[in-house]
Amino acid sequence: MLVAVEDPLEGGEIPAASALAMADLGPNAPLALVVGVACGPNRLLLPRYGRLQLEPLTELADPFGSARALAAADFDGDGVEEIWVANGDPGRTHPARADRLFDPSDDGFRDLLAEPDAAELGALPQSLAVRPLDRLGSGRYGFLLAGAGGPLRLIEREGPAGLVDAAARAALDELIHGTAVAYGPLGGSGLDLFVGAATGPSALFRAAGLGRWVEVAEAAGLAVPDLGAVDAAILEVDGAGTMGLFCLRRRGSHLLWVPDAAGFLHDRAPPTLARPSAATALLVADLDNDGFEEILIANAGEPNRLLAWREQGWRPIDPGDAMEPASLPTALAATDLDGDGRLEVLIARASGRGGGLGLYRVDGPDHAWLRVALRTPQGAPARGALLRLFAGGRHQFRVLGEGARGAGEPVAHFGLGTGERVERLDIRWPDGTVERLEDLPARRTLVVPHPLARATPQGEARA
């Protein structure tokens, strides 16, 4: 059960919110929460004794923007994450406001899309969904953008050329009215990229090596016209390591695609997941640290739903105060604000009792946990890295940074139930490097530098 934290904000209030992202703004700063606002200034918040402190407004506020989605990643390879603000309008193919790409500095933020280096992009992006992607494993991330008026774009920094659109060279430049993006190990040995469409065809991309992808939606069984996608996630679907793709829809039943032995995807959503609702956002995380992820579905104007893997099936459980039966939620996120090893849940709202941001804590048993923070060679979060943990006779998967439209906290959170040790942790870094850590104690956060940057002996990490 989730219990509301009263007065979660210090230093002001946020009347309405439209998007959430966790960003690492440097080695001497705590993880920051960025709150996007569709009609007003964006906000930056820092954790403080289990609550959130509103920071003074800076250029990041962008008061005339219309933030629909956010993402954070190290765009320029300096070890500090930049913040992409998607300012697209879902009702217009040519929104009035372009996206922003904010680079933090000691003096505040500067918009890289407003500088001469962005001239090669031509028309600036106006996107509805955004996801960081390190396609070459260099530690320099691009931002994959989906919108209503053109093909997917992949904005990267490329030396003297400045900012470029690399979607064509990555074979990602499909024409998709994309509104939902999910990234994870859906089939085979690599990571898959799903772009769900509001109207028209969706896409499923499979990594082909050398920074390129191949589109396989029809071959994989995902040729669904007018999907009406709202949000999506790749998750473990059966408590036994089988991965599937869960997609929320505006119209009709929600879908859970699961691959068969040949890799062909079939909808296997049980009634508890398939039940139609006015869904707006999805969160997948182990909220009670029992070793199995929960699914939180936010709904507009009707109760939010929380489901857990119980008795070999997805069962609805009491969301407690997070039910919010009459609010208009827009985004979900989970993070450990107070450092106790339990995730808190954040709900952004366009309106509702309590203002634009709700904060909830889990009321439950004191289960064990392990948190893993992976770092690129430059020292930034290694978003997109795949982790596989073995403990208590089963294994769990996480993709670093997933869990909230690709803007989740850049820490892999594992619940361990009653276990107090981890037998093995396998890591696949974005550049393909693979390593293994063994016999790890629970109830701590591991910070694991990339092998290229590691000063300690191979296989060691610091707590």
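Bear in mind the structure is a predicted one, so any value in this text is a computation, not a measurement. (Residues numbered from 1 in each chain as written. Predicted model: local features only at pLDDT ≥ 70, side-chain atom pairs only at ≥ 80, totals over all residues. Heavy atoms only, no water.)

A.B. asks: Help me understand the environment of proline 270 in this model?
C.D. replies: Within the secondary structure, proline 270 sits in the loop between strand 22 (265-267) and helix 2 (271-274). The residues touching proline 270, leaving out its near neighbours within four places in the chain, are Leu256 and Trp314. (Helix = DSSP H or I, 4+ residues; strand = E, 2+ residues; numbered from the N terminus. Contact = heavy atoms within 4.5 Å.)

A.B. asks: How should I be thinking about the pattern of salt bridges in this particular structure?
C.D. replies: Pairing between side chains of opposite charge can happen when their charged atoms approach one another. Scanning all chains against the criterion turns up 29 salt bridges. Linking arginine 100 and aspartate 111 is a salt bridge whose minimum nitrogen-to-oxygen distance equals 2.6 Å. Of the two residues, arginine 100 is situated in strand 9 (residues 100-105) and aspartate 111 in strand 10 (residues 108-111); the sequence distance between them amounts to eleven residues. The same class applies to arginine 100 and to aspartate 111, which are both buried. (Salt bridge = Lys/Arg side-chain N within 4 Å of Asp/Glu carboxyl O. Buried < 20%, exposed > 50% of the residue type's maximum accessible area, 1.4 Å probe, protein only.)

A.B. asks: Looking at this model, I keep getting lost on the sheet that holds strand 6 (residues 51-54). Mind explaining?
C.D. replies: Picture the strands of a sheet paired through backbone hydrogen bonds; they go either parallel or antiparallel. Strand order in this open sheet of five strands is 2-6-5-4-3, and the pairing throughout is mixed. Whereas interior strands pair on both sides, the edge strands pair on one side only; in this sheet they are strand 2 (9-10) and strand 3 (19-23). The pairing of strand 5 (residues 43-48) with strand 6 spans four bridges and is classified as antiparallel. Looking at strand 6, one finds that leucine 45 is bridged to leucine 54. (Pairing = 2+ DSSP bridges.)

A.B. asks: Please explain the packing of aromatic side chains as it appears in this structure.
C.D. replies: The description of two aromatic rings rests on the distance between their centres and on the angle between their planes. Using the criterion set out here, one finds six aromatic pairs in the structure. Both rings, one in tryptophan 84 and one in phenylalanine 143, keep their centres 5.3 Å apart while their planes meet at 40 degrees; by these two values the pair is tilted. Pair noted here: tryptophan 84 is in strand 8 (residues 82-86) and phenylalanine 143 is in strand 12 (residues 142-146), with a separation of 59 residues, a long-range link. The two residues tryptophan 84 and phenylalanine 143 agree in class, both being buried. By way of ring pairs, the aromatic residues Phe75, Trp84 and Phe143 are connected into one cluster. (Phe/Tyr/Trp six-rings, centres within 6.5 Å; stacked < 30°, edge-to-face > 60°.)

A.B. asks: Which parts of the structure should I look at to understand the pairing of strand 3?
C.D. replies: Two faces make up the sheet, and in a regular strand the side chains alternate between them. Of all five residues in strand 3, five are buried, a share of seventy percent or more. Neither face of strand 3 is open: one carries Ala19, Ala21 and Ala23, the other Leu20 and Met22, and all of them are buried. Relative to strand 4 (residues 32-36), strand 3 runs antiparallel, the two being bridged by five bridges. From the neighbouring strand, alanine 23 faces strand 4, where its bridge partner is alanine 32.

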